[in-house]
Amino acid sequence: MIKLNNKLFKPYLKEEQILAAIKKMAAEIAEDYKDETPLFVGVLNGAFMFVADFLKAYQHPCQVSFVRLSSYQGLTSTGIVETLLDVQEDMEGKSVIILEDVVDTGRTLKQLVHLFSQTNVKEFKIAALFYKSEIYNGEYTIDYVGLEIPDNFIVGYGLDYNEMGRNLREVYQLNQADMINLVLFGKPGAGKGTQAGFLKEKYNLKHISTGDVFRYNIKNGTELGNLAKSYIDKGDLVPDEVTIDMLKDEVEKNPEASGFIFDGFPRTAAQAEALDNFLESKDMKVNATIALEADDEVLIARLLERGKSSGRSDDQDESKIRNRFDEYNEKTAPLKAYYEKQGKFHSVNGIGDIAEITERLGKVIDALD
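Residues numbered from 1 in each chain as written. Predicted model: local features only at pLDDT ≥ 70, side-chain atom pairs only at ≥ 80, totals over all residues. Heavy atoms only, no water.

A. Local environment of the overall build of the protein. Of the regular secondary structure elements, the protein holds 11 helices and 15 strands. Counting only C-alpha atoms and orienting by the principal axes, one finds that the protein spans roughly 80 × 45 × 35 Å. In the protein, buried positions account for 46% of the 369 residues. Sequence separation of at least 24 residues holds for 69% of the intrachain contacts in the protein that already meet a minimum separation of 6. In the protein, the 44 positive side-chain charges and the 61 negative ones have mean positions that sit 3 Å from each other. (Helix = DSSP H or I, 4+ residues; strand = E, 2+ residues; numbered from the N terminus. Buried < 20%, exposed > 50% of the residue type's maximum accessible area, 1.4 Å probe, protein only. Contact = heavy atoms within 4.5 Å. Lys, Arg positive; Asp, Glu negative; His and termini not counted. Charge placed at Lys NZ, Arg CZ, Asp CG, Glu CD.)

Structure representation (structure tokens):
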């Protein structure tokens, strides 16, 4: 294990594996271009080691240039790709091969293709040392691949975490074993949102509220948001796979998190199983499900008081509140059984001072394996 800033990383790829993959790529490209002089374009900053070793392995006439793009701050993609160093101007009639360190979502690649579409190059192809095929959603073919890898955050061999680790000769991946993933239950008024706020700060967790995620995707007209809206507009329930895909996007956008709090999902045993399957594919798991328990009469009084200032009609009508409680009990019962079978269900008293409740939750979390 190595520690970079506040994260632990475990060994993943040895130097000899990486160099063997590069040698294979160089041979494949040479087979296609040995009779001409291609222009190799390295993508900074991450690809500097890859480009250097690739050129040592490519023993034929060639030219080299670099571009520099950025879409990351720390470990989190901003979703906006900036061009920091442009390509050289004299490229007309040349065969261009982009040397990219890692291809994941394809955002950076899309910007690269846009750069070269403005030139009169003969053709351009894409060579990726590391290729995360399971999350690549770009429209462009990856012509040469060194190593296909799962979607784990990696450092070393030019890749960084907050500018640390680029000089490592081998590749390390983020240690997922230390992650804490929680499913948080609680009746309306139990303080679930308040406690999620404290827990995410204390344990560096990302709070994923299904309601917030739905509203964001629909408001911003994302592909998943439009799909969900099409079901909602017809009065149909949004299929589980659409919700899971939204959660996948949230998880993948937050690789710096030390875990996740899932709030509002799952709501059924089938959804719980789907969440387990997704997390397992990421070498993750639900560590615990925690229910904030409180007496109905206490919560009703709390919600009615909240309704005086919130303006929410469903907090101002006792019969509506009791209906919401009945719905919660009906939906939570099978989930409780599902997680109890796995030994992951925990009940915490949700009545008392906020700090006291946070302490109770912390004791459950700190005792997890």
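B. Structural context of helix 5 (residues 210–219). Listed in full, the buried residues belonging to helix 5 are Thr210, Val213, Phe214 and Asn217. In a view along the axis of helix 5, the buried residues occupy a sector of 100°, so they form one face of it. Facing away from the buried side of helix 5 by over 90 degrees, the exposed positions are Arg215 and Lys219. Buried-residue contacts for helix 5 involve strand 12 (206–209), helix 6 (223–233), helix 7 (240–252) and strand 13 (259–263). Positive backbone phi, approximately 60°, marks Gly221, located one or two places after helix 5. (Arc of directions from axis to C-beta.)

C. Spatial organisation of the pattern of salt bridges. Taken as a whole and assessed by the stated rule, the structure comprises 20 salt bridges. With a closest N to O distance of 3.1 Å, Glu163 and Arg166 form a salt bridge. One salt bridge connects Glu250 with Lys253, and the closest N-O pair in it is separated by 3.1 Å. Classification of Glu250 as buried rests on a relative accessible area of 10%. The exposure class of Lys253 is partly exposed, given its relative accessible area of 30%. One network of salt bridges, with partners in common, ties together Lys132, Asp151, Glu252 and Lys282. (Salt bridge = Lys/Arg side-chain N within 4 Å of Asp/Glu carboxyl O.)

D. Quick peek at the packing of helix 4 (residues 192–203) against helix 11 (residues 354–366). Taken N-terminus to C-terminus, the directions of helix 4 and helix 11 make an angle of 50°; their axes are 10 Å apart at the nearest point. Here helix 11 runs oblique to helix 4, going by the angle between their axes. Where helix 4 crosses over helix 11, the two elements pack in a sense that is right-handed. Along its contact with helix 4, which presents Thr194, Gln195, Phe198, Leu199, Lys202 and Tyr203, the element helix 11 presents Ile354, Ile357, Thr358, Leu361, Gly362, Ile365 and Asp366. For the contact of helix 4 with helix 11, the class distribution of residues is 7 nonpolar, 4 polar and 2 charged. (Axes fitted to C-alpha atoms, helices over the stretch in contact; angles between N-to-C directions. Parallel < 35°, antiparallel > 145°, perpendicular 65-115°, else oblique. Left-handed = near helix turned anticlockwise from the far one by under 90°. Nonpolar A, V, L, I, M, F, W, Y, C, P; charged D, E, K, R; others polar.)

E. Here's a closer look at the sheet that holds strand 11 (residues 180–186). Strand order in the open sheet formed by 5 strands is 12-13-11-14-15, with parallel pairing between adjacent strands. Where the open sheet ends on each side, the last strands, each with one partner, are strand 12 and strand 15 (345–349). Direction aside, neighbouring strands of the sheet carry axes that sit 25° apart on average. Sheet topology note: the strand 14 (residues 288–293)/strand 15 ladder contains 5 bridges and is parallel. Opposite Ala291, over in strand 15, you have Ser347 as the bridge partner. Along the sheet, helix 5 makes contact with strand 12 and strand 13, crossing strand 12 at roughly 70°. (Pairing = 2+ DSSP bridges.)

F. Geometry of the packing of aromatic side chains. Under the definition given, this model contains 10 aromatic pairs. Taking 6.2 Å as the distance between ring centres and 70° as the angle between the ring planes, the aromatic pair formed by Phe50 and Phe54 counts as edge-to-face. Here Phe50 and its partner Phe54 are both found in helix 2 (residues 48–57), 4 residues apart, which amounts to about one turn of the helix. Each member of the pair, Phe50 as well as Phe54, carries the same accessibility label: buried. Seen from the ring of Phe325, Lys187 lies directly overhead, with NZ or CZ sitting 5.4 Å from the centre. If you follow Lys234 out to its NZ or CZ, it ends over the ring of Tyr231, 5.4 Å from the centre. (Phe/Tyr/Trp six-rings, centres within 6.5 Å; stacked < 30°, edge-to-face > 60°. Lys NZ or Arg CZ within 6 Å of the ring centre and 35° of its normal.)

G. Seen up close, the environment of Asn167. Its place among the elements puts Asn167 in the loop between strand 9 (154–155) and strand 10 (171–174). Distance from Asn167 to Met49, taken between C-alpha atoms, is 8.6 Å for residues 118 residues apart in sequence.

H. How the structure looks around unusual backbone geometry. Backbone torsion omega between Leu44 and Asn45 reads 5°, so that peptide bond is classified as cis. Cis geometry is found at the peptide bond from Phe265 to Pro266, where omega equals 5°. The topology assignment puts Pro266 in the loop between strand 13 and helix 8 (269–281). The phi torsion at Asn162 lies on the positive side, around 50°, for a residue other than glycine.

I. Structural detail: the side chain of Arg324. With respect to the helices, strands and loops of the structure, Arg324 is situated in helix 10 (residues 318–341). In this structure Arg324 touches Pro188, Arg306, Arg312, Asp314 and Asp315, once residues within four positions along its chain are discounted.

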